[in-house]
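What the coordinates show
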Amino acid sequence: MKRALPILAVLVVLLAAIAVANPYFLEPAGFLAFLKRAAPLVILAAGQYFVIVSGEFDLSVGSLVTAEVVIAARLIDGEESATWPVIALLIVIGLLVGLVNGVVTTKLRVPSFIVTLGMLLILSGAVFLWTGGAPRGALSEGFRTFGRGGLGPIPWSVLILLAVGAAAIWLMRADFGKTLMATGDNERAAALSGVRVDRAKIFAFMLSGLAAAVAGILLGGFAGVSAQVGQGLEFSAITAVVLGGVVLGGGRGSVLAAMAGAFTLEALFTLLNLYGISGALEFTVQGVIIIAAVAAGAIRLPWKFTPRKGDAHAAS
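Residues numbered from 1 in each chain as written. Predicted model: local features only at pLDDT ≥ 70, side-chain atom pairs only at ≥ 80, totals over all residues. Heavy atoms only, no water.

As a reminder of what qualifies: UniProt positions are given in the numbering used here, feature names are shortened, and annotations may be inferred rather than shown by experiment.
The name an unreviewed UniProt entry gives the protein is Autoinducer 2 import system permease protein LsrD, with Nonomuraea polychroma as the organism. Taken verbatim from the UniProt record of the protein, the Subcellular location (unreviewed entry) comment is "Cell membrane".

Structural data, given as structure tokens:
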């Protein structure tokens, strides 16, 4: 919890600034609308956290979100009866993409940056080939309920976010979390101490793919069907994680802080929009945050960014 305090303080300041610019934000409906809008990014950040804290990257989540939404619309095509089977399929696809990313990274010793960049291009190309740039089909009302509906006044997306957050915190407090931290901190030492490094990293990638599938389901209901629905989300998720103080290179950081970083990023973008600042500035902000985070990490933990001789694949 202590690691999350700095980013939580920044979040409180940003939320206060939003409330000053838009008093409606203080009302329950206004704040719930903010949580609903932020939920997909926060869930993606939680998934990305597992990969980054293990010492790797996952650049494929944005294109995976797009693929999930496009596949859902095409297969459901407005049929309510197809809703749950397709949702199950989307979860399987997310886990499968994560599995492929993890296996290629760990077993074939290909850097995760290259693996997931390649997966991003594969998924983007497959979506364009399948749709011709114009997605077909339609999502059912049952599918859209997860992104648009709610249980009474509480949106389903907020309830799903709470469940994901609780599961992520539990995982990091369990033995898996300790294994993942040890892997990211020093892969060789973890392996020598008996940690099954490859399995931990593969599981982390699968969790990232699962998070992308859940985010895709929410965005499908909230934002609708588009071939660009997930564009840039991979960078937003990484930005959110590093904004939460998670060290690129692995071994340091809190999942709660990573999720708070996503809320903070969403709050910052909301504030910029309220003041009429161009949305294009969002990419600039993300770039500055990532560069600053890497620079700060290199200054504080120079050993984390120095490859060990004969261990090029170990987390640097």
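So that's the structure; there's more coming.
**Looking at the pattern of salt bridges**
Convention followed: Salt bridges are identified by distance alone: a Lys or Arg side-chain nitrogen within 4 Å of an Asp or Glu carboxyl oxygen. Helix numbers and strand numbers start at the N terminus; a helix is a DSSP run of H or I with at least 4 residues, a strand a run of E with at least 2. The classification of residues rests on relative accessible area computed with a 1.4 Å probe and restricted to protein chains. Under 20% of the type maximum is buried, over 50% is exposed, and intermediate values are partly exposed.
One pass over the structure, following the stated rule, counts 6 salt bridges. Two residues, Lys-107 and Asp-198, come together in a salt bridge whose shortest N-O distance is 3.4 Å. Highlighted residues: Lys-107 in helix 4 (residues 83–107) and Asp-198 in helix 10 (residues 197–223), separated in sequence by 91 residues. The shortest N-O distance in the salt bridge between Glu-187 and Lys-201 comes to 2.7 Å. Of this pair, Glu-187 sits in helix 9 (residues 187–192) while Lys-201 sits in helix 10, and the two are 14 residues apart along the sequence. A relative accessible area of 9% places Glu-187 in the buried class.

**Considering the packing of helix 2 (residues 28–53) against helix 8 (residues 175–185)**
For the record, the criterion: To obtain an axis, a line is fitted to C-alpha atoms, over the contacting stretch when the element is a helix, and the angle between two such axes runs from 0 to 180 degrees between their N-to-C directions. By the definition adopted for this analysis, an angle is roughly parallel if under 35 degrees, roughly antiparallel if over 145, roughly perpendicular if from 65 to 115, and oblique otherwise. Should any heavy atoms of two residues lie within 4.5 Å, those residues are considered in contact. The residue classification treats Ala, Val, Leu, Ile, Met, Phe, Trp, Tyr, Cys and Pro as nonpolar and Asp, Glu, Lys and Arg as charged. All others, Gly included, are polar.
Two elements in contact, helix 2 and helix 8, have axes whose closest approach is 8 Å; the angle formed by their N-to-C orientations is 50°. The orientation of helix 2 relative to helix 8 falls into the category oblique. Packed against helix 2, whose contacting residues are Tyr-49, Phe-50 and Val-53, the element helix 8 presents Phe-176, Leu-180, Met-181 and Gly-184 at the interface. When grouped by side-chain class, the residues that make up the contact of helix 2 with helix 8 number 6 nonpolar, 1 polar and no charged.

**Some thoughts on the environment of Phe-269**
Considering the arrangement of structural elements, one finds Phe-269 in helix 12 (residues 255–274). Owing to a relative accessible area of 7%, Phe-269 belongs among the buried residues under this scheme. Excluding anything up to four places from it in sequence, Phe-269 contacts Glu-282 and Gln-286.

**Digging into a nonpolar patch on the surface**
The condition is simple: For patches, a residue must show more than 30% relative accessible area and have no salt bridge; joins then use 9 Å for like charges and 5 Å for nonpolar side chains, namely Val, Leu, Ile, Met, Phe, Trp and Tyr. All accessible areas in this document rest on Shrake-Rupley with a 1.4 Å probe, and a residue is counted as covered only by the protein chains that are shown.
Taken together, the side chains of Leu-75, Leu-89, Val-92 and Trp-130 make up a nonpolar region of the molecular surface, amounting to roughly 330 Å² of accessible area. Looking at the element boundaries, Trp-130 is found in helix 5 (residues 112–131).

**Observations concerning helix 8**
This is how it is decided: As used here, the arc is the angular range of directions from the helix axis to the C-beta atoms.
Those residues of helix 8 not exposed but buried are Phe-176, Gly-177, Leu-180, Met-181, Thr-183 and Gly-184. Relative to the axis of helix 8, the buried residues are bounded by an arc of 160° and lie together on one face. Counted as exposed and oriented over 90 degrees from the buried face of helix 8: Asp-175 and Lys-178.

**As for the side chain of Ser-236**
Within the secondary structure, Ser-236 sits in helix 11 (residues 233–243). Taking the relative accessible area as the measure of exposure, Ser-236 reaches 9% and is therefore buried. In this view, Ser-236 contacts Leu-41, Leu-265 and Gln-286; residues no more than four positions away in its chain are not counted.

**A word on the UniProt feature "transmembrane region" (unreviewed entry) in the protein**
The UniProt entry lists residues 31–52, 82–101, 113–133, 153–172, 202–223, 229–248, 255–277 and 283–303 under the feature "transmembrane region" (unreviewed entry), expressed in the numbering used here. What you have in residues 31–52 is 100% helix and 0% strand, and the ends, taken at the C-alpha atoms, are 30 Å apart. For residues 255–277, the helix share is 87%, the strand share is 0%, and the end-to-end C-alpha distance is 30 Å.

**Observations regarding the packing of aromatic side chains**
Using the following cut-off: Stacked, tilted and edge-to-face are the three classes assigned to paired rings of Phe, Tyr and Trp, where Trp is represented by its six-membered ring and a pair needs centres within 6.5 Å; plane angles under 30 degrees give stacked, over 60 edge-to-face, the rest tilted.
Tallied over the full model, the rule gives 8 aromatic pairs. Summarising the aromatic geometry, the rings of Phe-25 and Phe-31 are spaced 5.7 Å apart at their centres and angled 80° between planes, so their arrangement reads as edge-to-face. The partly exposed category is assigned to Phe-31, whose relative accessible area is 32%. On the basis of an interplanar angle of 45° and a centroid distance of 6.3 Å, the ring pair of Phe-50 and Phe-176 is categorised as tilted. You can see Phe-50 sitting in helix 2 and its partner Phe-176 sitting in helix 8, a full 126 residues away along the chain. Put simply, the rings of Phe-25, Phe-31, Phe-34 and Phe-263 touch in pairs and so form one group of aromatic residues.

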